[in-house]
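Here is how the chains run, residue by residue.
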Amino acid sequence: MMSLNEISTGDVIKKQIIYKMRTYKGAFTTLMFVQLLGILFSLGGTGSFSMGGIYTVAGTQYSSMTVIIFTGIWAFVTAVLLTTKEDRKHDFVFVTNRLTSNVSNAVFLGIISVISGITAILSGFLLAVILILINSEIILHLGGGMYGVSTAAAGIFSTSLYILMAAALGYLAGSAVQLHPVMKVVIPAAFFGFLFSGWVVEAGPLFAMVFLEESIWLFLVKMLGLAALCFGLSAWMTDRLEVM
């Protein structure tokens, strides 16, 4: 005979996810603000180009990359907030345990990653509309098949995975801080130490191999594998937190 806990685990996770979607609805307002801020920064262009010959053609490049970066930071911070002591107390409103709490958090972060990935890519269209409105003489060339359905879908797919990875790293960092307060100093110090050291150059090929994968299916496996590793380590840390 199966226990009541085994039967209700899926329902508990589902209720927790719905609860988090309602509790963190303010995060979506923040997402809108962050992405609008990214669009504002993008209005200055992300680069320029010039082509010579009989005639010289110069122009400015625009992209939604700034919006994507800002969205990744938003996802990181949102994931950190999920690991705080206050949020853990909210989880135990339900008949729950660390496993269902971590699973519901991971699924919740996956859902918001997809939502924010869609809006981040669509921000490119909004950026184009704004550019036309503020300068009626501007000539836009949407490179890379921006209006292609398959290209847009691939962009949403890859962007959502990047955002999920940022969220998973945030969840791991937040769990580490909850395990030991000294991590509040260690993690930023390690990040900036790596960023401004020669290691970042040496690790460049490794990052390119992982994050710049040409095969969409290999990219999916790598991103989901790394995210699962982060969530797994986070679950291990929170289990130790209960014992300590």
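### So, the nonpolar core
Right, so step 1: Among the nonpolar cores identified, the biggest contains 28 residues, and Trp74, Leu109 and Phe231 are the most heavily contacted of them.
Right, so step 2: When residues of this core are traced back to their parent elements, those giving at least two are α2 (25-42), α3 (65-82), α5 (98-134), α6 (149-179) and α10 (216-243).
Right, so step 3: When residues of this core are assigned to their parent elements, the largest contribution, nine residues, is made by α6.
Right, so step 4: With residues near it in sequence (within four places) discarded, Trp74 still touches Ala27, Thr30, Leu31, Val34, Ile112 and Ser116.
Right, so step 5: Judged by nonpolar contacts, the second largest core, of seven residues, contains Val67, Ile68, Ala120 and Leu131.

### Re α3
Right, so step 1: Spanning 18 residues, α3 covers 26 Å between terminal C-alpha atoms, matching the ideal 26 Å at 1.5 Å per step.
Right, so step 2: Of all the positions in α3, only Thr66, Val67, Ile68, Thr71, Gly72, Trp74, Ala75, Thr78, Ala79 and Leu82 are classed as buried.

### A closer look at the confidence of the model for the protein
Right, so step 1: In the predicted model, the protein carries a mean pLDDT of 79, and 70% of its residues have values of at least 70.
Right, so step 2: Here residues 1-5 is modelled with pLDDT under 50, and outside its nearest four sequence neighbours on either side it reaches two contacts, counting other chains as well.

### Considerations on the environment of Val77
Right, so step 1: By the element assignment, Val77 lies in helix α3.
Right, so step 2: Taking the relative accessible area as the measure of exposure, Val77 reaches 42% and is therefore partly exposed.
Right, so step 3: For the pair Val77 and Gly174, spaced 97 residues apart in the sequence, the C-alpha separation amounts to 9.0 Å.

### A word on the side chain of Gln35
Right, so step 1: Position of Gln35 relative to the elements: it lies in helix α2.
Right, so step 2: A residue is classified by how much of its surface remains accessible, and Gln35, at 8% relative accessible area, is buried.
Right, so step 3: Excluding residues that lie within four positions of it along the chain, Gln35 makes contacts with Val67, Thr71, Ser116, Thr119 and Ala120.

### Quick notes on the environment of Leu172
Right, so step 1: With respect to the helices and strands, the residue Leu172 is situated in helix α6.
Right, so step 2: Spatially, the C-alpha atoms of Leu172 and Gly232 are 8.8 Å apart, while their sequence positions differ by 60 residues.
Right, so step 3: Dropping the residues within four chain positions of it, Leu172 is found in contact with Cys230, Leu233, Ser234 and Met237.

### Description of the packing of α3 against α5
Working note: a packed helix pair is described by the angle between its axes plus the distance between those axes.
Right, so step 1: Following both chains from N to C, one finds α3 and α5 inclined at 160°, their axes separated by 10 Å at the closest point. Of the possible angle classes, the one that applies to α3 and α5 is roughly antiparallel. Seen from above, α3 lies across α5 with right-handed handedness. Contacts from Val67, Ile68, Thr71, Trp74, Thr78, Ala79 and Leu82 of α3 reach α5 at Asn105, Phe108, Leu109, Ile112, Ser116, Ala120, Ile121 and Ser123.
Right, so step 2: A per-class count over the contact of α3 with α5 returns ten nonpolar, five polar and no charged.

Rules used in this analysis
Residue positions are given per chain, counting from 1 as you read along its sequence in written order. With the structure being a predicted model, the display of local features is reserved for residues of pLDDT at least 70 and the display and counting of side-chain atom pairs for 80 or more, all residues being used for whole-chain, interface and lining totals. Think of the side-chain values as coming from all heavy atoms in the structure, minus any hydrogens and water. Throughout this description, the term nonpolar core refers to a set of buried Ala, Val, Leu, Ile, Met, Phe, Trp, Tyr and Cys residues connected via side-chain atoms within 4.5 Å. Relative accessible area decides the class of each residue, using a 1.4 Å probe on protein chains only: under 20% of the type maximum gives buried, over 50% gives exposed, and in between gives partly exposed. Helix and strand labels come from DSSP, where a helix needs a run of H or I of at least four residues and a strand needs a run of E of at least two; each type is numbered from the N terminus. Contacts are assigned to residue pairs with any non-hydrogen atoms lying within 4.5 Å of each other. By this rule, a helix spans an expected 1.5 Å times one less than how many residues it contains. Think of pLDDT as the predictor's per-residue confidence, scored from 0 to 100. Between the N-to-C directions of two axes lies an angle of 0 to 180 degrees, each axis being a line fitted to C-alpha atoms and, for a helix, fitted only over the stretch in contact. Note that the term roughly parallel is reserved for angles under 35 degrees, roughly antiparallel for angles over 145, roughly perpendicular for angles of 65 to 115, and oblique for everything else. Each crossing gets its handedness from the near helix: less than a right angle anticlockwise from the far helix is left-handed, clockwise is right-handed. Following the grouping adopted for this structure description, the nonpolar residues are Ala, Val, Leu, Ile, Met, Phe, Trp, Tyr, Cys and Pro, the charged ones are Asp, Glu, Lys and Arg, and the polar ones are all others, Gly among them.

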